[in-house]
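Topology and contacts: notes
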Amino acid sequence: MKKYTIEAISRAVGGKLSGNPTIEITGVEEISRAVKTQLTFIGQKKYIKLWDRSGASAAIVNQRLDVDPGQGRATVSVADADLAMAQVLNLFAPAPPACEAGIHPAAVVDATASIGPGAAIGAGCYVGPGVVIGAGSTLYPNVTVLDHTRIGSQTVVWSGTVIRDRCLIGDHCIIHPNVTIGADGFGYRPSPDGRGLVKIPQIGTVEIGNGVEIGPGSCVDRGKFSATTIGDGTKIDNLVQIGHNCTLGRSCVMAGQAGLAGSVTLGDGVVMGGRSLVKDHVTVCAGARIGGSAGVVSDVPAGKTVLGLPAEDHRQTLRIWAAQKHLPDLVKQLIRK
Amino acid sequence: MKKYTIEAISRAVGGKLSGNPTIEITGVEEISRAVKTQLTFIGQKKYIKLWDRSGASAAIVNQRLDVDPGQGRATVSVADADLAMAQVLNLFAPAPPACEAGIHPAAVVDATASIGPGAAIGAGCYVGPGVVIGAGSTLYPNVTVLDHTRIGSQTVVWSGTVIRDRCLIGDHCIIHPNVTIGADGFGYRPSPDGRGLVKIPQIGTVEIGNGVEIGPGSCVDRGKFSATTIGDGTKIDNLVQIGHNCTLGRSCVMAGQAGLAGSVTLGDGVVMGGRSLVKDHVTVCAGARIGGSAGVVSDVPAGKTVLGLPAEDHRQTLRIWAAQKHLPDLVKQLIRK
Amino acid sequence: MKKYTIEAISRAVGGKLSGNPTIEITGVEEISRAVKTQLTFIGQKKYIKLWDRSGASAAIVNQRLDVDPGQGRATVSVADADLAMAQVLNLFAPAPPACEAGIHPAAVVDATASIGPGAAIGAGCYVGPGVVIGAGSTLYPNVTVLDHTRIGSQTVVWSGTVIRDRCLIGDHCIIHPNVTIGADGFGYRPSPDGRGLVKIPQIGTVEIGNGVEIGPGSCVDRGKFSATTIGDGTKIDNLVQIGHNCTLGRSCVMAGQAGLAGSVTLGDGVVMGGRSLVKDHVTVCAGARIGGSAGVVSDVPAGKTVLGLPAEDHRQTLRIWAAQKHLPDLVKQLIRK
């Protein structure tokens, strides 16, 4: 178990220490659950009153707030509590699971695949013909990468993930467990007799930039032709669906269970709340925000926030939600049967 | 194929037999599809009229109902038809798929892992350093369990599931195929230049109690710090998302495609319908029920039933749904353009 | 890289060529992104104006439209642009990923399993006792098929998919990566003390017809008894949930993240939009259409289109959506506090 004095932690986050500098900290916990030897965070005023009764020995405190460390305890004032928390979590981060550089004897790697220096291919992985894995990248056990896909350097692919053929994945990406990249898009046309469906070939690929993160269980379909593309730094949560030929900009955020039908365009920095959905061929412009559970059926201008089903300007949707509470009375009052 | 006389079945469920006791039963089917040698169930009055035309040779009947077995057939009266059905299904349950105790030669188990007596590790499994698998637990083929995770006894983990490092899973759990437990929570902060996102380390774990069931494709993220926790006896359906630092009580039920954003608290016995969603940091108190497709954005008191988007008391939402049918006429009547 | 003259392509799609017949085409792209040597499509009038500035050397054109090929370029007139596109995509389709006929040495196939002629079992696959794999079917690496399941001929199962015991899969199916077929349905009854839940055995199976496609991450639960069934030619997109004892007809379509609770019946040719949901025990009759995000809580007659939550006739829901924009003003006008 890692252990630091609060003084060392204060130095690491560039904070101002008050109280006992010699306290030893072994971990981080929220204020109502923390016990002795744990550090907590007071980022907002409402948490101050919990500090007296908290078991924590020390707290990182937003410098705007006035918190007395109290007897035998310590506080560390910082300008940005979120940043400080990230820095502290880094201090306590355990080593990632073991996956030795090189090819595990229980992995199957095609003779024509290229594995970069320092890359690790775990037990049970399958790496197909012509695949390229960049320097320092890790495939945890039981990953499948099919023919001619190229993965950049320092990318981590967790167990159970399947990346099909001819995809491109950038550097410094994190692909979580059980993700599917490059499966066929969903396209059919009526059969000649009009009574069934014939598959439209999906011959495109998937191109994912650098620094992209894709959550467990999520799916990114390959293009019908050309590519489904995800820009640098975009972060995708769990169980997210991205249909064929979507184009995502840089630094987009898609929360859990969100979905894009086919040929959707997201500009840079678009944020989608949990379980929000965008209809096919719709464009959501840069910096737009889509509320949780929203269903977007038409284009969204840059920077706009939308909410509801069908999604509207969020202020309008909030007004509708407030008004609909009165709807039953209104109907009763006005409609006599 | 298993086979029992209806007399043996009647005895097994503690029922009262009428009609032919020697009928041989080979399986169970619903009343409109059952054929000779099959047993069916009549739990409600509306099914009685189907009994005459049913191909079934026998029926388990709720004792409140008056059903004549008829020529050459049989009925078994019971106090609790649901319980009797479960008992009968147990009688006919086939053996689970083969997975021999011990470590399959095609599994990779780290030398420092501990495998309990009677535990079975299937082909293609990977079990990392320091992992502990309890007595009598089964890992079906192609399961991945990473470093220092501890799984209790008599727990079954189905194929394709990935449990990351340092998680705790209790006894008598069932983790269905392709589940992901312990992937990173979804947390970022703006980069110093404000134009991108920096990952916040997710250094916590997942702690799952005893008797928990998790459906295929579902995801339980690890805590940012501390743990995401799931109480004893909680049952989770398919494709469910549980964000980081959620706390679920005992005997909760989450139906298919339901979701919890981060830091949600569910009290004991909370029931969530299909595709319902709870916003981050919301508390749903013990015994509350959340209707299908609901979107919960604020705390729910104990025992309350909510429905709709945003979720309200279910009676209020049903009133709104009934009233909104009149809304177009109302608007037409009142707004002249 | 494949390459065809536009003349050869015109012949392949049975079109009428205008302009330069010797142009060499190496791929397909949409009109605004296409570059030289690429072929594009003009299926609707609105795309004609993009043709002048398009980099494409040739276009497949709907014969109803009047498009001049212009200097050095070519057009191919066809009666059905969608059909022609599918034919062209077939011409350019690359070979599927390698998976040699026979059993890969790193696969584990039980001695009692039967593998048809020409079938391919990839590295890391597990095939259990009594399993039957039909002629010419392919299991890509890291597929799991458990005891006594039978898969037809010419069916493709992609990596990471898990098919549990005693399921039936037809011929010419495509099961995409990380699919789960045959996991237990979700059924519990209150424990005798009323304080917990007891699992109801799920002893049924899954029966999937011919020509069925199931998208990545989707789940088809096994029946409580009898079977969950999917009719011939039905197409299921990504992350779809199909509960126990559902019955789907022929040529149904379920778009991404759609869901069926238990015991739902879909008639032939039912179309479900993205993220639509059907409540348990509901019947949706043949040819009905369910809009995206809809929540269906009662039976839907044949051929009807429904939309909204709760789902209503789509015209009625569209009227409600249009009217609710006026609701805040209406309430303000009528309710004085």
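In this text the structure is predicted, and so the values were computed from the model without any measurement.

Cut-offs applied
- Residues numbered from 1 in each chain as written.
- Chains lettered and ligands numbered in written order.
- Predicted model: local features only at pLDDT ≥ 70, side-chain atom pairs only at ≥ 80, totals over all residues.
- Heavy atoms only, no water.
- UniProt positions renumbered as here; feature names shortened; annotations may be inferred.
- Helix = DSSP H or I, 4+ residues; strand = E, 2+ residues; numbered from the N terminus.
- Contact = heavy atoms within 4.5 Å.
- Expected span 1.5 Å × (residues − 1).
- Buried < 20%, exposed > 50% of the residue type's maximum accessible area, 1.4 Å probe, protein only.
- Polar contact = N/O pair within 3.5 Å; in protein donor to acceptor, adjacent residues only side chain to side chain.
- Least-squares fit on C-alpha atoms with pLDDT ≥ 70 in both.
- Arc of directions from axis to C-beta.
- Axes fitted to C-alpha atoms, helices over the stretch in contact; angles between N-to-C directions.
- Parallel < 35°, antiparallel > 145°, perpendicular 65-115°, else oblique.
- Left-handed = near helix turned anticlockwise from the far one by under 90°.
- Nonpolar A, V, L, I, M, F, W, Y, C, P; charged D, E, K, R; others polar.
- Buried area = accessible area lost by both parts, 1.4 Å probe.
- Salt bridge = Lys/Arg side-chain N within 4 Å of Asp/Glu carboxyl O.
- Phe/Tyr/Trp six-rings, centres within 6.5 Å; stacked < 30°, edge-to-face > 60°.
- Lys NZ or Arg CZ within 6 Å of the ring centre and 35° of its normal.

1. Some thoughts on the UniProt feature "active site" (unreviewed entry) in chain A
Residues and elements named next belong to chain A. Summarizing the sequence annotation, UniProt attributes the feature "active site" (unreviewed entry) to His-244 in the numbering used throughout. Tracing the backbone through its elements, the reader meets His-244 in the loop between strand S29 (241–242) and strand S30 (247–248). In contact with His-244, other than residues within four places in its own chain, are Gly-185, Phe-186, Gly-187, Gln-202, Asp-221, Arg-222, Gly-223, Lys-224, Thr-228, Gly-262 and Ser-263.

2. Some remarks on the environment of Asn-238 of chain B
Secondary-structure assignment places Asn-238 of chain B in the loop between strand S28 (235–236) and strand S29 (241–242). The spatial distance from the C-alpha of Asn-238 of chain B to the C-alpha of Ile-214 of chain B is 7.4 Å, given a sequence separation of 24 residues. Residues within four places of Asn-238 of chain B in sequence aside, it is in contact with Gly-215, Pro-216, Ser-218, Gly-256 and Gln-257 of chain B together with Cys-219, Asp-221 and Gln-241 of chain C.

3. Here's the deal with helix H3 (residues 81–92) of chain A
All names here are of chain A. Between its terminal C-alpha atoms H3 stretches 16 Å, which fits the 16 Å expected from 12 residues at 1.5 Å a residue. Considered for burial, the residues of H3 that qualify are Ala-81, Ala-84, Met-85, Ala-86, Val-88, Leu-89 and Phe-92. Capping the start of H3 is the job of one residue whose side-chain oxygen sits 3.0 Å from the backbone nitrogen of Asp-82: Asp-80.

4. Some points on the relation of the copies chain C and chain B
Superposition of the two copies of the chain requires a rotation about an axis and a shift along the axis. At an RMSD of 0.1 Å, chain C and chain B line up after a rotation of 120° and a shift of 0.0 Å along the axis. Here the copies are linked by what is in effect a three-fold axis. By residue overlap, the copies meet through two different surfaces: only 18% of the interface positions of chain C are interface positions in chain B.

5. Points about helix H4 (residues 314–324) of chain B
For H4 of chain B, the full list of buried residues reads Gln-316, Thr-317, Ile-320, Trp-321, Ala-323 and Gln-324 of chain B. Buried residues of H4 of chain B, seen end-on, are gathered within an arc of 165° and therefore sit on one face of the element. If you follow the buried residues of H4 of chain B, they end up packed against helix H4 (314–324) and helix H5 (327–334) of chain A, strand S39 (305–307), strand S40 (312–313) and helix H5 (327–334) of chain B together with helix H4 (314–324) of chain C.

6. As for the relation of the copies chain A and chain B
Once chain A has been moved 0.0 Å along the axis and rotated by 120°, it coincides with chain B to within an RMSD of 0.1 Å. By residue overlap, the copies meet through two different surfaces: only 18% of the interface positions of chain A are interface positions in chain B.

7. Concerning the packing of H4 of chain A against helix H5 (residues 327–334) of chain C
At a minimum axis distance of 8 Å, the contact between H4 of chain A and H5 of chain C shows a crossing angle of 45°. As summarised for this structure, H4 of chain A and H5 of chain C are arranged oblique, according to the angle between their axes. Here H4 of chain A runs over H5 of chain C; the crossing is left-handed. Listed contacts from H5 of chain C to Arg-319, Ile-320, Ala-323 and Gln-324 of chain A of H4 of chain A are Leu-327, Pro-328 and Val-331 of chain C. Across the contact of H4 of chain A with H5 of chain C, the residue classes break down as five nonpolar, one polar and one charged.

8. A look at the interface of chain C and chain B
A common way to state how big an interface is: give the accessible area lost once the parts meet. Contacts between chain C and chain B engage 57 residues on the former and 55 residues on the latter. Buried area between chain C and chain B, both sides added, is near 4600 Å², and the carbon and sulfur share of it is 67%. The closest approach of N and O atoms between Glu-312 of chain C and Lys-325 of chain B, which form a salt bridge, is 3.8 Å. Our count for the contact surface shared by chain C and chain B stands at 19 residue pairs in polar contact (both at pLDDT 80 or more). When residues of the side of chain C that touches chain B are traced back to their parent elements, those giving at least two are strand S21 (180–183), strand S22 (188–190), strand S23 (197–199), strand S26 (219–221), H4 and H5 of chain C. Element by element, the count of residues in the side of chain C that touches chain B is highest for H4 of chain C, at five residues. Classifying every residue of the side of chain C that touches chain B gives 27 nonpolar, 17 polar and 13 charged.

9. Let's talk about the pattern of salt bridges
Evaluated as defined, the whole model comprises 30 salt bridges over all chains. Between Asp-184 of chain A and Arg-164 of chain A there is a salt bridge whose closest N-O contact spans 3.2 Å. Of this pair, Asp-184 of chain A sits in the loop between strand S21 (180–183) and strand S22 (188–190) while Arg-164 of chain A is found in the loop between strand S18 (162–163) and strand S19 (168–169), placing the two residues 20 residues apart along the sequence. A salt bridge links Lys-199 of chain C to Asp-184 of chain C, with the shortest nitrogen-to-oxygen separation between them at 2.9 Å. In this pair, Lys-199 of chain C is assigned in strand S23 and Asp-184 of chain C in the loop between S21 and S22, connecting sequence segments 15 residues apart. The exposure class assigned to Lys-199 of chain C is partly exposed, which follows from its relative accessible area of 25%. Taking relative accessible area as the criterion, Asp-184 of chain C reaches 11% and is therefore assigned buried. Connected through salt bridges with shared partners, the residues Arg-164, Asp-165, Arg-166, Asp-184, Lys-199 and Arg-222 of chain A together with Glu-213 of chain C form a single ionic network.

10. Overview of the packing of aromatic side chains
Residue and element names in this part refer to chain B. Scanning the entire structure with this criterion turns up nine aromatic pairs over all chains. For the ring pair Phe-186 and Tyr-188, a centre distance of 5.1 Å and an interplane angle of 80° mean the geometry is edge-to-face. Judged by its relative accessible area of 16%, Tyr-188 falls in the buried class. Geometry around Trp-51 places Arg-73 over its ring, the cationic atom sitting 3.9 Å from the centre.

11. Examining the side chain of Asn-178 of chain B
If you trace the backbone, Asn-178 of chain B turns up in the loop between strand S20 (174–175) and strand S21 (180–183). Here Asn-178 of chain B falls in the buried class, since its relative accessible area comes to 4%. Within the structure, the side chain of Asn-178 of chain B is placed 3.3 Å from the backbone oxygen of Val-179 of chain C, a separation counted as a polar contact. If we ignore the near neighbours within four places in the chain, the residues touching Asn-178 of chain B are Asn-178 of chain A, Ser-159, Gly-160, Thr-161, Gly-217 and Ser-218 of chain B together with Gly-160, Val-162, Asn-178, Val-179 and Thr-180 of chain C.

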